[in-house]
Amino acid sequence: MANSKTSYVSRRAFLRAGAATGVALAAPTFFVGKAHAATEKLNIGIIPAYSFGIYWLVQDQGFAPGVEMDFSVFPSGPPAIEAMVGGSVDAITVGSVPPLAAMARNVADFREISVCGDASGLFTIVGRPGMSGLADLEGKRIAVTSGSNFDFFLGVALEQAGLSDMKLTRINMEPIDAQAALIAGAVDATVPLATSRQLIFDKLPGASMLADGAEMPIGKRPSIMDVFMTTQQTMDAKEEALTEVVRAFHEKGVGMLREDNAEVVQRMIAWQSGIGRAGVTAEEVEPLLNNYFYFDVPEIKSVYADGILKQALRVQSEFLVENDRIRNMPDLDALVSDQIVARL
C-alpha cells in the first residue's frame, strides 16, 4: 500500500489471499433460537447490521450446539464497547473503527478474534433535497457518529473527491438519531445505517445520494470490516465457547448463506422484525445482506495469517491519527489476535 490515504484492501485482495454500562436495547425473547444441550452461555452485544445477524443465525439454526448465545442490541459500537468493559456482555459485533479509538485510549485489553464481513460497499452519504454532490456540503451540517466507521467513510469519501479541507460542521449523533435529524431538516446530510436508510428516501422525497461505497472503484474502497471482539480475559476464560461459535459462523453460517441464500434472507427478515425494527421485505434485505463479503474457514484463516486484517486496521488508524480522530496509533499487534482463528 502506497500510503494511508489512497490505498485500501479490496474484496478481490481477500479472494486472492484466501483459497454494564452501555445503553442497550432490551434483548427480545425472539433471540431464543432452537433448543440446545448447551454447555456454556455467551452474552453477545450485537448491532442490527446483516453481517452481525449471521451470529444470530448460528443460534437460530442450532449451528453451535455446545453454546447458547444471549443477545443484547446496541445502536452502534461505542456503547457496545462500554458494555463489554462493564462486564454485561462477553463479546460484541462491531465496526472496526470504534475498537481502534478505544485501544488507542488503553480502555481495556481488547482482542479482535474474527471478521464478520467487509462492509465497504454498504456505506453511503445522503443529503437533503437539492444537493447534487459532496461539494454541496461546504459550510453545511452533517450528522455522523464521531470516531465510527461512518466517520471514517465520510473522511475517505471527501478525500477522494479532493474535498478533505472543505469546511463543514460534523454533529455527533447515533445513526438513527442522525437519520431523524436529516428528515426533520435539522442537518443537511448524514451517513446512515444501510439497513434503514430507505426510510430517508420514503420520508424525504428528493433526498440526494452524495456518495455510494458500492460505486467506488473496488481498489479504492475504504476497507471497513465488521469484527467479532472480546477481551483477553474473556477469551482465556471462554476459549472453547468462542471457538465453537466462530467456527459455526464461518463454516455453517457462511455455508448456508452461499448455498441457501433465499432462506437466509427470510431468516434475516425474521431477525429484523424480532429486534423491533420496521418490517422489511426480501427485496430490501437481499442486496444489503449480499453486498458484504463473507469469509469461510480457509478464507478467514488467510485474513489472519497473511496480515490482511491488521493492514486494513493500520490504514484506518493512520487516517484517524492524521485527521485528529485519535491521538496515537493503537497497538494492532495486541488488538488482532489469532488465538481463536488458529483453532478452526
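Above this note sits the structure.
Note that the coordinates shown come from a computational prediction; the quantities given were computed from them, not determined experimentally.

Engineer: Help me understand the sheet that holds strand β3 (residues 91-95), please; the structure alone is not making it clear to me.
Structural biologist: Overall, mixed pairing links the 5 strands, which are arranged β2-β1-β3-β10-β4 in an open sheet. Only two strands of the sheet have a single neighbouring strand rather than two, namely β2 (67-73) and β4 (110-118). The mean inter-strand angle of the sheet, taken between neighbouring strand axes irrespective of direction, is 25 degrees. Lying over the sheet, helix α2 (residues 50-61) contacts β1 (40-46), β2, β3, β4 and β10 (225-231), oriented at roughly 140 degrees with respect to β2.

Engineer: I would appreciate a short explanation of the sheet that holds strand β5 (residues 124-127) in the present structure.
Structural biologist: Sheets are built from strands that pair by backbone hydrogen bonding, the pairs being arranged parallel or antiparallel. The sheet built from 5 strands is open, its strands ordered β7-β6-β8-β5-β9 with mixed pairing. Every other strand in the sheet has two partners, leaving β7 (169-172) and β9 (208-212) as the edge strands with one partner each. With 2 bridges joining them, strand β6 (residues 141-144) and strand β8 (residues 189-190) adopt parallel strand pairing. When the sheet's bridge partners are listed, A143 is paired in β8 with T190.

Engineer: Would you take a moment to explain the nonpolar core for this structure?
Structural biologist: In globular proteins that are soluble, nonpolar side chains generally tend to be buried together. In terms of nonpolar packing, the biggest core is built from 109 residues, with I125, L137, F228 and L289 touching the most fellow members. No other element matches helix α9 (residues 239-259), which puts 9 residues into this core. Residues contacting L137, with those up to four places away along its chain left out, are M131, I142, L158, M166, K167, L168, A189 and L210. A143, A181, I200 and L204 belong to the second largest nonpolar core, which has 10 residues in total.

Engineer: Explain unusual backbone geometry to me, please; I cannot follow it from the model alone.
Structural biologist: Only a minority of non-glycine residues have a phi that is not negative, and only a minority of peptide bonds are not trans. We note that N106 has phi near 55 degrees; this positive angle belongs to a residue other than glycine. With respect to the helices and strands, the residue N106 is situated in the loop between α4 (97-104) and β4.

Engineer: Before we go on, may I ask you to explain the packing of aromatic side chains in this structure?
Structural biologist: When we look at a pair of aromatic rings, we describe it by the centre distance and by the angle of the planes. According to the stated counting rule, one finds 8 aromatic pairs in the structure shown. Among the aromatic residues, those joined into a cluster by ring pairs are Y55, F228 and F249.

Engineer: How should I be thinking about the environment of L137 in this particular structure?
Structural biologist: Within the fold, L137 resides in the loop between β5 and β6. On a C-alpha basis, the gap between L137 and D188 in space is 7.7 Å, while along the polypeptide they are 51 residues apart.

Engineer: Looking at this structure, how should I read helix α5 (residues 149-160)?
Structural biologist: The α-helix winds at 3.6 residues per turn, so residues separated by three or four positions along the chain end up facing the same way. Compared with an ideal rise of 1.5 Å per residue, which puts 12 residues at 16 Å, α5 spans 16 Å between its outermost C-alpha atoms and is within 8% of the ideal. By the criterion of burial, α5 is predominantly enclosed, with 11 of the 12 residues buried. The set of residues buried in α5 consists of N149, F150, D151, F152, F153, L154, G155, V156, A157, L158 and E159. Following α5 by one or two positions, G162 adopts a phi angle in the positive range, close to 75 degrees.

Engineer: So what exactly am I meant to see when it comes to the pairing of β7 here?
Structural biologist: A regular strand places its side chains so that they alternate between the two faces of the sheet. Here β6 runs beside β7; their pairing, made up of 4 bridges, is parallel. Within the sheet, the bridge partner assigned to I142 lies in β7 and is R170. On the question of chirality, the crossover connecting β6 to the parallel β7 by way of α5 is right-handed.

Engineer: Help me understand the pattern of salt bridges, please; the structure alone is not making it clear to me.
Structural biologist: Side-chain pairing between opposite charges can occur once the charged atoms of the two side chains come close. A full pass over the atoms with the stated rule returns 12 salt bridges. Salt-bridge contacts for R258 lead to D296; the nearest nitrogen and oxygen are separated by 3.1 Å. Taken together, the residues span a long stretch of sequence, with R258 in helix α9 and D296 in the loop between α11 (282-290) and α12 (297-305) at a distance of 38 residues. Assessed through its relative accessible area of 18%, D296 is described here as buried. In this structure, the salt-bridge partner of D333 is K310, at a minimum N-O distance of 2.9 Å. Placement of D333 in helix α14 (residues 332-335) and of K310 in helix α13 (residues 308-322) is noted, with a sequence separation of 23 residues between them. One network of salt bridges, with partners in common, ties together D151, R170 and R325.

Engineer: Whenever I open this one, α11 confuses me. Can you help?
Structural biologist: Within the sequence span of α11, burial applies to V285, L288 and L289. Buried residues along α11 cover an arc of 100 degrees about the axis, so they all sit on one side. Buried residues in α11 make contact with α2, α9 and α10 (261-274).

Engineer: When you look at the side chain of R197 in this model, what are you seeing that I'm missing?
Structural biologist: Locating R197 in the fold gives a position in the loop between β8 and α7 (198-203). Buried charge without a salt bridge: R197, with D212 as the nearest opposite-charge side chain at an N-O distance of 5.5 Å.

Engineer: Would you mind going over the side chain of S96 with me for this structure?
Structural biologist: Among the secondary structure elements, S96 is positioned in the loop between β3 and α4. When neighbours within four sequence positions are excluded, S96 is seen to be in contact with E112, N149, I224, M225, L313 and Q316.

Engineer: Would you mind showing me how to read the pairing of β5 here?
Structural biologist: Both faces of β5 are covered, namely the face carrying T124 and V126 and the face carrying I125 and G127. Inspection of the sheet shows β5 paired to β9 by 4 bridges, in the antiparallel sense. Residue G127 lies in a different strand from β9, and its bridge partner there is S208. Both β5 and β8 contribute to a ladder of 2 bridges, which runs antiparallel. Residue V126 lies in a different strand from β8, and its bridge partner there is T190.

What counts and what doesn't
Residues numbered from 1 in each chain as written. Predicted model: local features only at pLDDT ≥ 70, side-chain atom pairs only at ≥ 80, totals over all residues. Heavy atoms only, no water. Pairing = 2+ DSSP bridges. Helix = DSSP H or I, 4+ residues; strand = E, 2+ residues; numbered from the N terminus. Axes fitted to C-alpha atoms, helices over the stretch in contact; angles between N-to-C directions. Contact = heavy atoms within 4.5 Å. Core = buried A, V, L, I, M, F, W, Y, C linked by side-chain atoms within 4.5 Å. Buried < 20%, exposed > 50% of the residue type's maximum accessible area, 1.4 Å probe, protein only. Phe/Tyr/Trp six-rings, centres within 6.5 Å; stacked < 30°, edge-to-face > 60°. Expected span 1.5 Å × (residues − 1). Right-handed = clockwise from strand over helix to strand, strands pointing away. Salt bridge = Lys/Arg side-chain N within 4 Å of Asp/Glu carboxyl O. Arc of directions from axis to C-beta. Lys, Arg positive; Asp, Glu negative; His and termini not counted.

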